[in-house]
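Fold and contact review
So you can see what is in the structure, the chains are spelled out below.
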Amino acid sequence: MLSFLGFSMVAVFMYLIMSKRLTPLVSLMLIPILFGLIGGYANDLGTMMFEGVKAIAPTAIMIFFAILYFGLMIDTGLFEPLIAKILKVVKGDPLKIVVGTAVLSMMVALDGDGTTTYMITVSSLLPLYKRLRMNPLILAGVAMSSMGVMNMTPWGGASAMAMTSLKLDSSELFLPLIPVMGFGLLWVLVISFIFGKMERRRLGVINIDAFREVGSAAEMDAKAEFNYRRPKLVWFNLALTLILIVLLIMDVIPLMILFMVAFAIALLVNYPNIKEQQERISSHASNAVAVVSIVIAAGIFTGIMSGTKMIDAMATTLVSLIPEALGQHLPVIVAFLSAPFTFFMSNNAFYFGVLPIIAQAAESYGISAAEIGRAAILGQPVHVLSPLVAAAHLLIGMVGIEFSDLQRFLIKWALGTTTVMVIAALVLGVISL
């Protein structure tokens, strides 16, 4: 009975999200409550929900302040010198331009937000692509490939959802994936090199003196639109960000504390005026609240799933359906299946609805939830190509291309990125074969 109730709840939850009849925020809170009442757990629901929310609170806090921090760094103009350097170095060589596109999009994607990454990358480099008549699919494809890897950061969404649904912290799930992400980014550079070579063969190296004009225009647009650049503090902001990343990797301080303190320091140093501080916080609050509210709401979902023991019953049923010969290979199976699963359904539906069931089933084979969680993140390069991802629609709109054209152009390369990272994860022992 519990197993049937649990699978029914997941099916209803996934259907309502994918059909857009309810938002993920509302579904994550109300659907488990409804099924909890149907199961006869009315008296215990309050405690279950509280325990679930309490368990994910540190992750929610970390995501909130990470979004604020990286948003603030973009406001200060931390990435502007990089943009200017790229425009200066690439000159008329399409190969250098495409590789430069990859480097820029990787750096901007540190904030884990696809919308911000696409806006900055495209607005900075689209004039250059148009001037040289380069293929706009390459600009969109490289930016999306970078985002597919960088979306694996805890503040990018996927890892945060996996950590929340499996009740793990970043040291268990995310930190082992950092070198794997490194291989993914190297593959993105390889893709960029291949695309760049194609464009160089098609167009040649164009010797025109347009790059200073493009750079100047971009700088003028930035100055006209933003009044919050802090070019004199760029070295301070860079040092602060590097220290933050080093401490994150060392795992000496909880991530939520790191981002809270770093954000406070950055805000005070860059914007000592209280009014400016309030404006900067307000400008990024909507993005932060949108993500964090879903993570907190997921605490209700996971709390009820665990408290009612639905997850245990579902796992028992699932284990009985898995051939014994395949059980030991679940991490690799999950790694590759996460690509189509997160393409055809939202991250919310997969990480909160499907992943906990798989992780519970894997325990019977001696496979930890952390290992299954890491494997489930490796399909993100394909996920970003999904029409369910709002930022992808922004990207194609800015570049002026068709979604179907971008998918046909990039899908095999995105699958290649996932494959490279799966192989790297196996070699490095992050997941087992």
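Refer to the structure printed above.
Our subject in this report is the structure included herewith. (Residues numbered from 1 in each chain as written. Predicted model: local features only at pLDDT ≥ 70, side-chain atom pairs only at ≥ 80, totals over all residues. Heavy atoms only, no water.)

**Description of the nonpolar core**
Stated precisely, the cut-off is as follows: Among buried residues, the Ala, Val, Leu, Ile, Met, Phe, Trp, Tyr and Cys ones that are joined through side-chain atoms within 4.5 Å form a nonpolar core. Only protein chains enter the accessibility calculation, which uses a 1.4 Å probe; a residue is then buried when its area is under 20% of its type maximum, exposed when over 50%, and partly exposed in between. In this text, helices come from DSSP runs of H or I with a minimum length of four residues, and strands from runs of E with a minimum of two, each type numbered from the N-terminal end.
Tyr69, Met144, Phe259, Tyr351, Ile372, Leu378 and Leu406 are the most contacted members of the largest nonpolar core, which has 142 residues in total. Residue contributions to this core peak at 13 residues, all from helix α3 (residues 45-76). Core analysis: the second largest hydrophobic core is formed by five residues, Leu45, Met48, Ile300 and Ile304 among them.

**Describing a nonpolar patch on the surface**
Under the convention used in this document: Each patch is assembled from residues with relative accessible area greater than 30% and no salt bridge, linking like charges that lie within 9 Å and nonpolar side chains (Val, Leu, Ile, Met, Phe, Trp, Tyr) that lie within 5 Å. Residue-level accessible areas treat just the shown protein chains as cover; the underlying method is Shrake-Rupley with a 1.4 Å probe. By convention in these notes, a salt bridge is any Lys or Arg side-chain nitrogen within 4 Å of a carboxyl oxygen on Asp or Glu.
Judged by side-chain polarity, Ile61, Phe236, Val246, Met250, Val252, Ile253, Ile257, Met260, Val261, Ile265, Leu268 and Val269 come together as a nonpolar surface patch covering roughly 920 Å² of accessible area. Going through the elements one at a time, α12 (234-250) and α13 (255-270) are the ones with two or more residues in the nonpolar patch. Of all the elements, α13 adds the most residues to the nonpolar patch, at six residues. For Ile61, a relative accessible area of 32% gives the class partly exposed.

**Some details on the packing of aromatic side chains**
Going by this rule: Any Phe, Tyr or Trp ring, taking Trp's six-membered ring, that has another such ring centre within 6.5 Å forms a pair; planes under 30 degrees apart are called stacked, those over 60 apart edge-to-face, and the others tilted.
In the structure shown here, the tally under the stated rule is 10 aromatic pairs. Ring centres of Phe13 and Phe301 lie 4.8 Å apart, and the angle between their planes is 45°; this geometry places the pair in the tilted category. With Phe13 in helix α1 (residues 2-18) and Phe301 in helix α14 (residues 274-307), the pair connects residues that are 288 residues apart, well separated along the chain. Judged by its relative accessible area of 0%, Phe13 falls in the buried class.

**Remarks on the side chain of Asp93**
Put simply, the rule is: Contact between two residues is taken to exist if any of their heavy atoms lie within 4.5 Å; hydrogens are not considered.
Looking at the element boundaries, Asp93 is found in the loop between α4 (80-90) and α5 (94-108). Apart from residues lying up to four places away in sequence, Asp93 is in contact with Arg200 and Val205.

**Overview of α3**
Put simply, the rule is: Expected span of a helix, by definition, is 1.5 Å for each gap between consecutive residues, and there is one gap fewer than residues. Axes are fitted to the seven residues ending at a residue and to the seven starting at it; the angle between these axes is taken as the bend at that residue.
Look at α3: 45 Å from first C-alpha to last across 32 residues, which is about the 46 Å you get at 1.5 Å a residue. Helix geometry: α3 is bent most strongly at Ala57, by close to 45°, with proline Pro58 lying one to four residues after it. At the C-terminal side of α3, Gly77 shows a positive phi close to 90°.

**Quick look at the packing of helix α8 (residues 158-166) against helix α18 (residues 347-363)**
Heads up, the condition is: Axis definition: a line fit to C-alpha positions, over the contact stretch in the case of helices; interaxial angles, taken between N-to-C directions, run 0 to 180 degrees. Roughly parallel refers to an angle under 35 degrees, roughly antiparallel to one over 145, roughly perpendicular to one between 65 and 115, and oblique to any angle outside these ranges. By definition, turning the near helix anticlockwise from the far helix through less than a right angle yields a left-handed crossing, and turning it clockwise yields a right-handed one. Amino acids are sorted into nonpolar (Ala, Val, Leu, Ile, Met, Phe, Trp, Tyr, Cys and Pro), charged (Asp, Glu, Lys and Arg) and polar (every other residue, Gly among them).
Contact geometry of α8 with α18 gives a least axis separation of 9 Å together with a crossing angle of 40°. Regarding the angle of α8 to α18, the classification is oblique. Of the two elements, α8 crosses α18, and the hand of that crossing is right-handed. For the pair α8 and α18, contact is made by Ala158, Met161, Ala162, Thr164, Ser165 and Leu166 and by Asn347, Asn348, Tyr351, Phe352, Leu355, Pro356 and Ala359, respectively. Residue composition of the contact of α8 with α18, by class: nine nonpolar, four polar and no charged.

**Considering the side chain of Thr101**
Selection criterion: In protein, a polar contact means a hydrogen-donor-capable atom and an acceptor-capable atom, both N or O and within 3.5 Å, with residues adjacent in sequence counting only if both atoms are side-chain atoms; elsewhere, any N or O pair within 3.5 Å suffices.
By secondary structure assignment, the location of Thr101 is in helix α5. At a separation of 2.8 Å, a polar atom in the side chain of Thr101 contacts the main-chain carbonyl oxygen of Ile97. Every residue in contact with Thr101, bar those within four places of it in the chain, is listed here: Thr121, Leu125, Tyr129, Leu139 and Val142.

**Quick look at a positive patch on the surface**
Going by this rule: In this tally, Asp and Glu contribute negative charge and Lys and Arg positive charge; neither His nor the terminal groups of the chain are included. By convention, charge coordinates are those of NZ in Lys, CZ in Arg, CG in Asp, or CD in Glu.
The grouping of Lys85, Lys88, Lys91 and Lys96 at the surface amounts to a positive patch. Along the chain, Lys88 turns up in helix α4.

**Observations concerning unusual backbone geometry**
The backbone of Lys167 shows a phi angle near 55°, a positive value even though the residue is not glycine. Backbone geometry at Lys309 places phi at a positive 70°, although glycine is not the residue there. Along the chain, the position of Lys309 falls in the loop between α14 and α15 (310-321). Note on Lys309: relative accessible area 48%, which makes it partly exposed.

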